[in-house]
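Secondary and tertiary structure notes
Residues per chain are reported as follows:
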Amino acid sequence: MVEPVTRERDEVGPEQTREIPTRMRALVKPVPGPGAVLTDVPVPDPGPGEVLIRLEAVSVCGTDIHIEQWDAWAAANVVTPRIFGHEMAGRVVRLGEDVTRVALGQRVAAETHLVDWTCYQCRTGRQHVCQHYRILGVHADGAFAQYIVLPESNVWISDTLPAEVAALQEPMGNAVFSVFVEEVAGQSVAVLGCGPIGLMSIAIAKRAGARRVIATDIRSERLELAERMGADVVLDAGAVDVVERIRAETDGDGADVVLEMSGSESALHQGFAAVTNGGRVSLLGTHAHPVTLDVSSEIIFKALRVYGITGRRLFETWYQTRALLEEGLDLSPIITHRFPLSEYRQAFDLVAAGHAGKVVLLPQED
Ligand SMILES: [Zn+2]
Ligand SMILES: [Zn+2]
């Protein structure tokens, strides 16, 4: 632990009159290797086209666990020292020059892909796979801190949402993109893996008019959450024949839509086996190792459409996500824990163990 940083005035008031300290607490990966330190760093200054945000809520993502534990992916992608964390919400407290769209005091979330807006993909509506994208909290300083500077172009105004829900729009965008990459109304949907994004996908599919949503996981607490998010059927993948049960729940046809959210190779094969001929599969769960597929029998002869899902569409997915939340989609069952930033260790351990839903860190609390 470090000495507490300069405290701000406690009074509530317009963000414009709030004192902005010169130093702040931040969770930093100081050098390559496992671990992180909570330390005292300068509050960044917004440059032209950028805004300074006082962070209110930052949720913990699997990516943050990879960075904290320093796996091969982190070693290949993160340059230290780096403030990490990216699923964020806060209020705009300072504007750089030439900022026109965002106003002081607004609550905002962040699109976490920092893109160049000029490459082939960016100029053809596919900014989420920009050739030069950098990810907040991975390739640029992130949000496990009291303040962050963001380009105005990455700010998503979220005045209608509570801070922790605003922060969850980023991972929820992954779920929305996975579910909505094709029509889902009237379709049977199998969600394989009920981590936070799988759980969100259940609620999104139900609200969008899916016919039957079947959820699988190997942890009982996650299956309970899946039921609370609206799954019609939950299956313990460790105890039942998932493919047989999904077929039985879909008149023997198999699911129209499979959302693979687990990154488990066995679930991937189950998904290709459980999807109906001519159906579609959205792949979001990432795999630590190469997997072996029988492409002919698992994909080609079933005439499947398989989508790799990464990030969110800028900003189509954000509009869809906000609309779902404003229309009453309730994420509250997914938010299982809240901690001050200083208790990050406990938060990370819970997420790493897979026993939590979403864990939210509160950077302004001691
Ligand atoms: Zn994330
Ligand atoms: Zn680009």
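Details of the structure are given in the entry above.
Now for a quick tour of the structure. As the structure is a prediction and not an experimental result, all values here were calculated from the model.

Thresholds applied
- Residues numbered from 1 in each chain as written.
- Chains lettered and ligands numbered in written order.
- Predicted model: local features only at pLDDT ≥ 70, side-chain atom pairs only at ≥ 80, totals over all residues.
- Heavy atoms only, no water.
- Buried < 20%, exposed > 50% of the residue type's maximum accessible area, 1.4 Å probe, protein only.
- Helix = DSSP H or I, 4+ residues; strand = E, 2+ residues; numbered from the N terminus.
- Arc of directions from axis to C-beta.
- Contact = heavy atoms within 4.5 Å.
- Polar contact = N/O pair within 3.5 Å; in protein donor to acceptor, adjacent residues only side chain to side chain.
- Patch = residues over 30% accessible without salt bridge, like charges linked within 9 Å, V, L, I, M, F, W, Y side chains within 5 Å.
- Areas by Shrake-Rupley, 256 points an atom, 1.4 Å probe, with all protein chains shown as cover.
- Salt bridge = Lys/Arg side-chain N within 4 Å of Asp/Glu carboxyl O.
- Donors = N, O, S within 2.8 Å, 3.2 Å for Na, K, Ca; no water.
- Tetrahedral: all angles 85-135°; square planar, octahedral: opposite > 155°, others 65-115°.
- Axes fitted to C-alpha atoms, helices over the stretch in contact; angles between N-to-C directions.
- Parallel < 35°, antiparallel > 145°, perpendicular 65-115°, else oblique.
- Left-handed = near helix turned anticlockwise from the far one by under 90°.

Attention now moves to helix H6 (residues 242-249). Taken as a whole, H6 has its buried residues at Val-242, Val-243, Ile-246 and Glu-249. The arc that holds the buried residues of H6, viewed along the axis, is 130 degrees, so those residues lie on one side. The outward face of H6, more than 90 degrees from its buried face, is lined by the exposed residues Glu-244 and Ala-248. Residues of H6 that are buried in the fold lie against strand S11 (188-192), strand S12 (212-217), strand S13 (233-236), strand S14 (255-260) and helix H7 (265-274). One side-chain oxygen of the residue at the start of H6 lies 3.2 Å from the amide nitrogen of Val-243, identifying that residue as Asp-241. Phi turns positive, to about 55 degrees, at Asp-251, one or two residues after H6.

Together, Val-295, Ile-300 and Phe-301 make up a nonpolar patch on the protein surface, roughly 330 Å² of accessible area in all. Of note, Phe-301 is situated in the loop between helix H8 (295-300) and strand S16 (305-308).

What follows is about the coordination of the zinc ion (ligand 2). Within the first shell, the zinc ion (ligand 2) binds the protein through Asp-116 (OD), Cys-119 (SG), Cys-122 (SG) and Cys-130 (SG), at distances of 2.1 to 2.3 Å. Considering all 4 donor atoms around the zinc ion (ligand 2), the spread of angles at the metal, 98 to 120 degrees, places the coordination shape in the tetrahedral class. On the basis of relative accessibility, which here comes to 24%, the residue Asp-116 falls in the partly exposed class.

Turning next to the packing of H6 against H7. Interaxial distance between H6 and H7 falls to 9 Å at its minimum, and their mutual angle equals 30 degrees. In this view, H6 runs roughly parallel relative to H7, as classed from their interaxial angle. Between H6 and H7 the crossing geometry is right-handed. Between H6, through Val-242, Val-243, Ile-246 and Arg-247, and H7, the contact on the second element is made entirely by Gln-270, Ala-273 and Ala-274.

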